[in-house]
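The chain contents come next:
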Amino acid sequence: MRIVTFASGSTGNCSLLSDGRANILIDAGISMRRIVSCLGELGLTPHDVCGVLITHEHSDHISGLPMLVKHYGVRVYAPSELAEVLVSMKPQLADYICCTELNKAFNMDGVDVAAFRTPHDSKFSVGYRFSGAGVFAFATDTGSVTDDMLSGLCGAETVVIEANHDIDMLKYGPYPYFLKKRILSSYGHLSNEDCKNLALTLAKSGTRHIILGHLSRENNTPDKAYAAVGGALCGMNVELSVAPADSMLEVYIGEV
């Protein structure tokens, strides 16, 4: 199983999971051209993609989706509640949407996929758990850690979780008060400190590779995020990576 993050952050989000015949995109919040380019670097085209899973409807997660569907007819997967939101925003997606059920696994070319709820200030937000040659889980854009999230993440060999902001950088930074309040809320984004606590829980559940995603350009740095989470994991058998905002990170689980 191969995990590749194409982009991760407030300017755009898109990742790929490949396992056997399955090539699954998670979000399409960057341009179609960039998605095609990233796939090309891996020897793939959009015709090799069996579907795009959407986590929520914010533009940094779906901006490239209409063009990807228009030019390549890629299928879009989302829980029915989120699918309804997507179609109301982008009616041209209606013929390409495949509705799924929360907490109920479905199969995508040999990989079992299950969506679980995440708390975020969107109309509907989810993370995903994948079971194939390995177990991988993905959850960013979440203001707090819920039991549903822990059920979806715990025991996965590799996870992508959010380390959005350093609290002091956010509090004393240039953002207006209302935006700071939103980010710090239980439906906003996880801080480095929140991420550290989640990472410790996951490490104890058997996770062996943690990828920190969705870092804020203005309110965090890769070094700060890595130091906060890595310091807590010191002495544990866990590899830690930071997903770049604008370049690719490639990680393997078991055999591809």
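Per chain, residues are indexed from 1 in the order of the written sequence. The model is predicted, so local features are restricted to residues of pLDDT at least 70 and side-chain atom pairs to those at 80 or more, both for listing and for counting; the totals for chains, interfaces and linings are taken over all residues. Excluded from the side-chain calculation are hydrogens and water; included are all heavy atoms of the structure.

A. Summary view of the sheet that holds strand β2 (residues 14-19). Strand pairing is assigned whenever DSSP detects at least two bridges linking the two strands. In this description a helix means any DSSP run of H or I spanning at least four residues, a strand means any run of E spanning at least two, and both kinds are numbered starting from the N terminus. Spatially, β6-β5-β4-β3-β2-β1-β14 is the arrangement adopted by the seven strands of the open sheet, whose pairing is mixed. In this open sheet, the two edge strands, each paired with only one partner strand, are β6 (97-100) and β14 (249-252). The sheet shows a mean angle of 25° between the axes of neighbouring strands, direction not considered. As paired elements, β2 and strand β3 (residues 22-26) share five bridges and run antiparallel to each other. Bridging from a neighbouring strand, S18 pairs with N23 of β3. In the packing of helix α1 (residues 32-41) onto the sheet, the strands contacted are β1 (2-7), β2 and β3, and the crossing angle to β1 comes to about 145°. The contact rule is simple, with two residues in contact once any of their heavy atoms fall within 4.5 Å. Every axis corresponds to a line fitted to the C-alpha atoms, with the helix fit spanning only the stretch in contact, and the corresponding angles, defined between N-to-C directions, vary from 0 to 180 degrees. Contacts from helix α4 (residues 80-89) reach β5 (76-79) and β6 within the one sheet, and its direction differs from that of β5 by about 125°.

B. Looking closely at the packing of aromatic side chains. Any Phe, Tyr or Trp ring, taking Trp's six-membered ring, that has another such ring centre within 6.5 Å forms a pair; planes under 30 degrees apart are called stacked, those over 60 apart edge-to-face, and the others tilted. Summed over the entire model, instances satisfying the criterion amount to three aromatic pairs. Ring geometry for F130 versus F136: centroids 5.6 Å apart, planes at 25°, classification stacked. Accessibility expressed as a relative area gives 0% for F136, which makes it buried. Aromatic rings pair up to connect Y128, F130 and F136 into one cluster. Its guanidinium or amino end placed over the ring of F124, R117 lies 3.9 Å from that ring's centre, counting from NZ or CZ. The buried label applies to any residue whose accessible area, calculated with a 1.4 Å probe on protein chains only, is under 20% of its type's maximum; exposed applies above 50%, and partly exposed to all values in between. A ring is considered to have a charge above it if a Lys NZ or an Arg CZ atom is located within 6 Å of its centre and within 35 degrees of its normal.

C. Up close: the sheet that holds strand β8 (residues 111-117). Taking strand neighbours across the sheet as the criterion, the seven strands line up as β7-β8-β9-β10-β11-β12-β13 in an open arrangement whose pairing is mixed. The open sheet is flanked by β7 (106-108) and β13 (239-242), the only strands paired with a single partner. For this sheet, the mean angle separating the axes of adjacent strands, direction not counted, is 25°. When β8 meets strand β9 (residues 126-131), the two strands line up antiparallel, connected through six bridges. Bridging across to β9, A114 finds its partner in R129. Lying on the sheet, helix α8 (residues 192-205) is in contact with β11 (158-162) and β12 (209-213); it crosses β11 at an angle near 160°.

D. Structural view of the nonpolar core. The nonpolar core is taken to be a set of buried Ala, Val, Leu, Ile, Met, Phe, Trp, Tyr and Cys residues, with the residues joined through side-chain atoms within 4.5 Å. Residues F6, I24, F130 and F136 are the most contacted members of the largest nonpolar core, which totals 56 residues. If we skip the residues at most four places from it in the chain, F136 touches M1, I3, L17, I26, Y128, R129, F130, A156, T158, V159, V160 and I253. F116, I210, A225 and L233 belong to the second-largest nonpolar core, a separate cluster that totals 24 residues.

E. Representation of the pattern of salt bridges within the structure. Salt-bridge detection follows one rule: a side-chain nitrogen of Lys or Arg within 4 Å of a carboxyl oxygen of Asp or Glu. Taken as a whole and judged by the stated rule, the model has seven salt bridges. Residue D109 pairs with R21 through a salt bridge whose shortest N-O separation is 3.7 Å. Note that D109 is positioned in the loop between β7 and β8 and R21 in the loop between β2 and β3, a separation of 88 residues in sequence. Here K104 ties to E101 by a salt bridge, and the two come within 3.6 Å at their closest N and O atoms. On the basis of relative accessibility, which here comes to 47%, the residue K104 falls in the partly exposed class.

F. Molecular detail of the environment of S80. The residue S80 is located in helix α4 in this model. Taking the C-alpha atoms as reference points, S80 and P46, 34 residues apart in sequence, are found 24 Å from one another. With residues up to four places along the chain from it excluded, the contact list for S80 reads C99 and T100.

G. Geometry of the packing of α8 against helix α9 (residues 222-232). As a packed pair, α8 and α9 sit with axes 9 Å apart at the nearest point and diverge in direction by 35°. Read as a crossing pair, α8 and α9 show a hand that is right-handed. Judged by residue contacts, N192, C195, K196, A199 and L200 of α8 engage K224, A225, A228, V229 and A232 from α9. For this classification, the nonpolar set comprises Ala, Val, Leu, Ile, Met, Phe, Trp, Tyr, Cys and Pro, the charged set comprises Asp, Glu, Lys and Arg, and every other residue, Gly included, is treated as polar. When the residues that make up the contact of α8 with α9 are grouped by side-chain class, the tally is seven nonpolar, one polar and two charged. Crossings are assigned a handedness: left-handed for a near helix turned anticlockwise from the far helix by less than a right angle, right-handed for a clockwise turn.

H. The arrangement of the side chain of T5 in detail. Following the sequence through the fold, T5 ends up in strand β1. For T5, the residues in contact, after removing those within four places along its chain, are C14, S15, A243, P244, S247, M248 and L249.

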